[in-house]
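Per-entry structural report
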Amino acid sequence: MSENEDWDIQITAQNNIFDLKFKDVWHYRDLLLLLVRRDFVSFYKQTILGPIWFFIQPAITILFYTLVFGNLAGIPVDGLPKPLFYLAGIIIWNYFSECLTKTSTVFRDNSALLGKVYFPRLIMPLSIVLSNLIRFGVQFLLFLMLYVVYLFKGTVIVPNAFLLLLPLLIIMIAALGLGFGMIISAVTTKYRDLAFIVSFGVPLFMYTTTVIFPLSVAQAKYPAYSWLVKFNPITAIIETFRYGFMGRGSFSWEMIGYSLVTTIIILLLGTVIFNRVEKTFVDTV
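Quick look at the structure, then. Keep in mind that what you see is a predicted model, and the values were worked out from it rather than measured. Counting restarts for each chain: residues are numbered from 1 in the order of the written sequence. Reporting of local features is limited, given that this is a predicted model, to residues whose pLDDT is at least 70; pairs of side-chain atoms are given and counted only at 80 or more, and all residues count toward the totals for whole chains, interfaces and linings. In computing side-chain values, all of the structure's heavy atoms are included and hydrogens and water are not.

Before going further, it helps to examine the pattern of salt bridges. Side chains that differ in charge, positive against negative, can pair when their charged atoms come close. Think of a salt bridge as a Lys or Arg side-chain nitrogen and an Asp or Glu carboxyl oxygen that are within 4 Å of each other. A full pass over the atoms with the stated rule returns three salt bridges. In this structure, the salt-bridge partner of Arg135 is Glu98, at a minimum N-O distance of 3.4 Å. Of this pair, Arg135 sits in helix H7 (residues 123–152) while Glu98 sits in helix H4 (residues 82–103), and the two are 37 residues apart along the sequence. The two residues Arg135 and Glu98 agree in class, both being buried. The partner of Arg242 in a salt bridge is Glu239, with the nearest N and O atoms 3.5 Å apart. Linking Arg242 with Glu239, this pair stays in helix H12 (residues 233–246), spanning three residues, or about one helical turn. The two residues Arg242 and Glu239 agree in class, both being buried. In the salt-bridge network here, residues are joined through shared partners; they are Glu98, Lys102 and Arg135. Secondary structure counts use DSSP, requiring at least four H or I residues in a row for a helix and at least two E residues in a row for a strand, with both numbered from the N terminus. Think of it in three bands: residues with accessible area under 20% of the maximum for their type are buried, residues over 50% are exposed, and the middle band is partly exposed, with areas taken using a 1.4 Å probe on protein chains only.

Right, dumping it as structure tokens:
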């Protein structure tokens, strides 16, 4: 190659900490799609029911939440059907938690591949976000099916224009999971203990959101605790989702704006940390 001819891709040790190399990601889009397919297929490859588990898992969770939190604990759900209320929170939370937990160990889980060949490292966490988006889509279909059933039964659920915010809500929850996951993945390359903390900490983190109770209940019954729920960025996403589809819940532009700003900050912070660690993670993982 002549000196005047440009290379397609130049691999250098120095790069801008905010540069995620989206141009390189586009060049490797076939690899990205291959990894998405791998993540989706391998998870259910040796199961009998296969992708049907996408429906079974939230269905079992709904039954459990309805029995324990709805009937035994008697937690109000803003007058909404309990299965529909819980499912709305479950599908949002599942998408976030899966993105976070799988991204948090992306360096460790793929160290053999990442240490042998070059490709934009962002492809790995992006493939996790996209493969889990397929799972979210399947579970969202279950939500719509249950939603239509209650409509035909004459249940008072009133959709409104705020359901048009759904694409924004999906992007926000994916960005939160990606941002948190990249931050944790950077730390777990040196300190494996954090992976154990994440494994039991993420389920506990769910109770600081409105998956199993509405924000109004937290503010009325647990005022000293409600600030933790209100300022959790996932709360605004879940509440807006419910409000848009069912017309009940706590919605405000201030809450969704706060959640959006927090999401951007976490994603930028995750980007900076991810870029700093990806240069040297092979030496420590």
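Stacked, edge-to-face and tilted labels apply to pairs of Phe, Tyr and Trp rings (six-membered ring for Trp) whose centres lie within 6.5 Å, assigned for plane angles under 30 degrees, over 60, and everything in between, in that order. According to the stated counting rule, one finds 25 aromatic pairs in the structure shown. Aromatic side chains Tyr65 and Tyr86 sit 5.9 Å apart centroid to centroid with 75° between the ring planes, which places their arrangement in the edge-to-face category. With Tyr65 in helix H3 (residues 53–72) and Tyr86 in helix H4, this residue pair connects regions lying 21 residues apart in the sequence. Across the pair, exposure class does not vary: Tyr65 and Tyr86 are buried alike. A centroid spacing of 5.7 Å and a plane angle of 10° characterise the contact between Tyr243 and Phe251, whose relative ring orientation is stacked. Members of the aromatic cluster, connected to one another through ring pairs, are Tyr95, Phe136, Phe140, Phe143, Tyr147, Phe241 and Phe245. The ring of Phe85 carries the charged tip of Arg242 above its face, separated from the ring centre by 3.6 Å. Two thresholds decide whether a charge sits over a ring: the Lys NZ or Arg CZ must be within 6 Å of the ring centre and within 35 degrees of the ring normal.

A few words on the packing of H4 against helix H8 (residues 166–188). Lines fitted to C-alpha atoms define the axes, with helix axes restricted to the stretch in contact, and inter-axis angles between N-to-C directions lie between 0 and 180 degrees. In contact at an axis separation of 7 Å, H4 and H8 are set at 25° when each is read in the N-to-C sense. One element, H4, and the other, H8, form an angle in the roughly parallel class. As H4 packs across H8, the resulting crossing turns out to be right-handed. Mapping the contact onto sequence places Ile92, Tyr95, Phe96, Cys99, Leu100 and Thr103 in H4 and Ile170, Ile173, Ala174, Leu176, Gly177, Leu178, Phe180, Gly181, Met182, Ile184 and Ser185 in H8. Relative orientations are named as follows: roughly parallel for angles under 35 degrees, roughly antiparallel for angles over 145 degrees, roughly perpendicular for angles from 65 to 115 degrees, and oblique for any other angle. Two helices that cross are described as forming a left-handed crossing if the nearer one is turned anticlockwise from the farther one by less than a right angle, and a right-handed crossing if clockwise. Contacts: residue pairs with any heavy atoms within 4.5 Å of one another.

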